[in-house]
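Inside the fold
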Amino acid sequence: EEAPAEAPSVVAAVVAPAGPGATVVAWKTSDVSTWLSSIELPQHAAAFKSAAIDGPMLLTLTEADLARELGVTSALHRKKIMMAIGELRKSYISP
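Residues numbered from 1 in each chain as written. Predicted model: local features only at pLDDT ≥ 70, side-chain atom pairs only at ≥ 80, totals over all residues. Heavy atoms only, no water.

With respect to the environment of Val-24
We count it as follows: Secondary structure elements are taken from DSSP: a helix is a run of H or I of four residues or more, a strand is a run of E of two residues or more, and numbering for both begins at the N terminus. We call two residues in contact whenever any of their non-hydrogen atoms come within 4.5 Å of each other.
Tracing the backbone through its elements, the reader meets Val-24 in the loop between helix H1 (10-15) and helix H2 (29-38). Residues Val-24 and Pro-56, 32 residues apart in the sequence, show an inter-C-alpha distance of 7.0 Å. If near-sequence neighbours (up to four positions away) are discounted, Val-24 is found in contact with Gly-55, Pro-56, Leu-59, Leu-88 and Tyr-92.

What follows is the structure, encoded as structure tokens:
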């Protein structure tokens, strides 16, 4: 008897690379913008782009960076971005 196919998880959708076959460390600023849209925070894309945040930089961001350098004033938006970055870090360390 075959096991039922698993539905894709929400986390998988959040951490999916923006470019086909690209890992987060290969992401360009446009991929980071696409990722921000995928986590429903596209309004922050311009700030990330002007700060040249690419995949490798994204993985190093802290909540303080989001508040001070990128102007993410909403604590809840910062929390959501940090949670999603945490998922990206996990997928990068153990794909």
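Side note on the nonpolar core
The criterion, for reference: Joining through side-chain atoms within 4.5 Å is the link that ties buried Ala, Val, Leu, Ile, Met, Phe, Trp, Tyr and Cys residues into a set, and such a set is a nonpolar core. Burial status follows relative accessibility: with a 1.4 Å probe on protein chains alone, a residue under 20% of its type maximum counts as buried, one over 50% as exposed, and anything between as partly exposed.
Core analysis: the largest hydrophobic core is formed by 22 residues, its most contacted members being Trp-35, Phe-48, Leu-58 and Ile-81. Mapped onto this core, the elements with two or more residues apiece are H2, helix H3 (45-50), helix H4 (55-60) and helix H6 (75-93). Element by element, the count of residues in this core is highest for H6, at five residues. The contact partners of Ile-81, leaving out residues within four places of it in the chain, are Trp-35, Leu-36, Ile-39, Leu-41, His-44, Phe-48, Leu-66 and Val-72.

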